[in-house]
Amino acid sequence: MPDPGPFLAAWRLSAPLPLKQQGHADVWRVTCHDGRFAALKIFRPGRGGNERNAAAWHRRHAVSGLCPDVLAEDGDAVLYTWASGQSLGDRFRDGAHDAADARLGQVMAGLHAAPADTSGPFAALAEHARALTVFTAPPGFSDTQRADMARAAALQAQLLADQPSDRVRLLHGDLHHDNVLGSGETWAAIDPKAVVGDVHFEPANAFRNPTGGRMQALDRTRITRRADLWSAT
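Residues numbered from 1 in each chain as written. Predicted model: local features only at pLDDT ≥ 70, side-chain atom pairs only at ≥ 80, totals over all residues. Heavy atoms only, no water.

S.K.: Lay out the layout of surface pockets with the relevant residues and their values.
M.R.: To find the voids left in a structure, one rolls a probe of water-molecule size over its atoms. If you add up the space inside the largest pocket, you get close to 1200 Å³. Lining of the largest pocket is provided by 26 residues; of these, L132, Q156, F201, A204 and N205 occupy positions nearest its centre. Mapped by element, the contributors of at least two residues to the lining of the largest pocket are α5 (125–128), α6 (143–161) and α7 (214–217). The element that contributes the greatest number of residues to the lining of the largest pocket is α6, accounting for five residues. For the lining of the largest pocket, the class distribution of residues is 15 nonpolar, six polar and five charged. (1 Å grid on protein atoms, 1.4 Å probe; cavity = no way out; pocket = protein on both sides within 12 Å on 5 of 7 lines; lining within 4 Å. Points joined across faces, edges and corners; volume = space filled by probe spheres on them. Helix = DSSP H or I, 4+ residues; strand = E, 2+ residues; numbered from the N terminus. Nonpolar A, V, L, I, M, F, W, Y, C, P; charged D, E, K, R; others polar.)

S.K.: Residues and numbers for the side chain of D198, please.
M.R.: Along the chain, D198 falls in strand β11 (residues 195–198). Take D198: its relative accessible area is 8%, and that puts it in the buried class. Of note is the side chain of D198, whose polar atom sits 2.6 Å from the side chain of R167. In this structure D198 touches L125, D162, Q163, P164, R167, V168 and L171, once residues within four positions along its chain are discounted. (Buried < 20%, exposed > 50% of the residue type's maximum accessible area, 1.4 Å probe, protein only. Polar contact = N/O pair within 3.5 Å; in protein donor to acceptor, adjacent residues only side chain to side chain. Contact = heavy atoms within 4.5 Å.)

S.K.: Talk me through the sheet that holds strand β9 (residues 180–183); I want residue IDs and the actual numbers.
M.R.: Here three strands make up an open sheet; going across it, the order is β6-β9-β10 and the pairing antiparallel. Both edges of this open sheet fall to β6 (86–87) and β10 (186–189), since each of them pairs with a single strand only. (Pairing = 2+ DSSP bridges.)

S.K.: Explain the sheet that holds strand β8 (residues 168–171) to me, and be specific about the residues and the numbers.
M.R.: Across a sheet, strands are paired by hydrogen bonds formed along the backbone, either parallel or antiparallel in direction. If you trace the three strands from one edge of the open sheet to the other, you get β7-β11-β8, paired in mixed fashion. Of all strands in the sheet, those bounded by a partner on one side alone are β7 (123–124) and β8. Pairing between β7 and β11: two bridges, direction parallel. Each residue of the ladder has a partner; that of A123, found in β11, is V195.

S.K.: So, the pairing of strand β2 (residues 25–31): which residues are in play, and what are the values?
M.R.: The element β2 is extensively covered by neighbouring structure, given that six of its seven residues are classed as buried. Pairing of strand β1 (residues 14–22) with β2 involves six bridges; the strand directions are antiparallel. Considered in β2, the bridge of P18 is made with W28. Where β1 folds back onto β2 in an antiparallel hairpin, the turn is made up of two residues, including G23, whose phi is positive at roughly 75°. Sheet topology note: the β2/strand β3 (residues 37–43) ladder contains seven bridges and is antiparallel.

S.K.: I'd like to hear about the pattern of salt bridges, residue by residue, with values.
M.R.: A side chain with one charge may pair with a side chain of the opposite charge, provided their charged atoms come close. Under the definition given, this model contains 15 salt bridges. The salt bridge partner of R36 is D34, with a shortest N-O separation of 2.7 Å. For R36, a relative accessible area of 52% corresponds to the exposed category. Residue class for D34 comes out partly exposed when judged on its relative accessible area of 40%. Two residues, R103 and E185, come together in a salt bridge whose shortest N-O distance is 3.2 Å. Here R103 is found in helix α4 (residues 97–111), whereas its partner E185 is found in the loop between β9 and β10, with 82 residues between them in sequence. (Salt bridge = Lys/Arg side-chain N within 4 Å of Asp/Glu carboxyl O.)

S.K.: Tell me what's going on with the environment of D101, and back it up with residues and numbers.
M.R.: Mapped onto the fold, D101 is located in helix α4. As for D101 and F207, which are separated by 106 residues in sequence, their C-alpha atoms are 9.7 Å apart. Beyond its immediate sequence surroundings of up to four residues, D101 is in contact with F92, H177, R222, R226, L229 and W230. Looking at D101, its side chain comes within polar contact range of the side chain of H177, at 2.6 Å. A polar contact of 3.0 Å, which involves the side chain of D101, links it to the side chain of R222.

S.K.: So, the pairing of β3: which residues are in play, and what are the values?
M.R.: Of all the seven residues making up β3, six are buried; the element is thus mostly covered by neighbouring parts of the structure. Connecting the antiparallel pair β2 and β3 is a turn made up of five residues, with G35 showing a positive phi of about 95°. Two elements, β3 and strand β5 (residues 77–81), share five bridges in a ladder whose sense is antiparallel. Looking at β5, one finds that A39 is bridged to Y80.

As structure tokens, this is what we get:
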């Protein structure tokens, strides 16, 4: 586990409350010297991938008001303003399926209302989505499953080859229900992968989320409702 001590001292923070101690980064809720809460995120050495460019993404999208501000950054550590409230994933799991999906669409549209500068240390969408191109079917895959994966890879290649410049944006890259926090009319996107590509990729991961919503995500009616809603926004 990374040691938050040096950053607590350097940034005058106190009362670290662990929120996430697993995966590629650890997160604490901390208290700033003025009494406000903030989120301290420290990446583990060599981990994080595209998400290590998150602070740059936050700065580019700060004007939207739909993501936390960056308060400080040093090496593996980033300090963000605190995003309070529940996640849209929680709202979805509580049964507010349509409301959660609709709010997610509004956040997507708001983030891209004013296209952010795409220059910088951001990965191209083709690189971000390369897993499908190098996928190898495991033992036990049926001929139908293999054909489905080949069809998916061909479709992805076609879509990536046709990205008109006027549709290329600095994308969140993982914008789903559990990565949007808030309440009422105030919502904030967190944990971006920060990739550059066709804006229509933005809801891709939302179609298979949130956690605990697999049954709804695979329902044909829900898929169609989401496609209609998010394409409209």
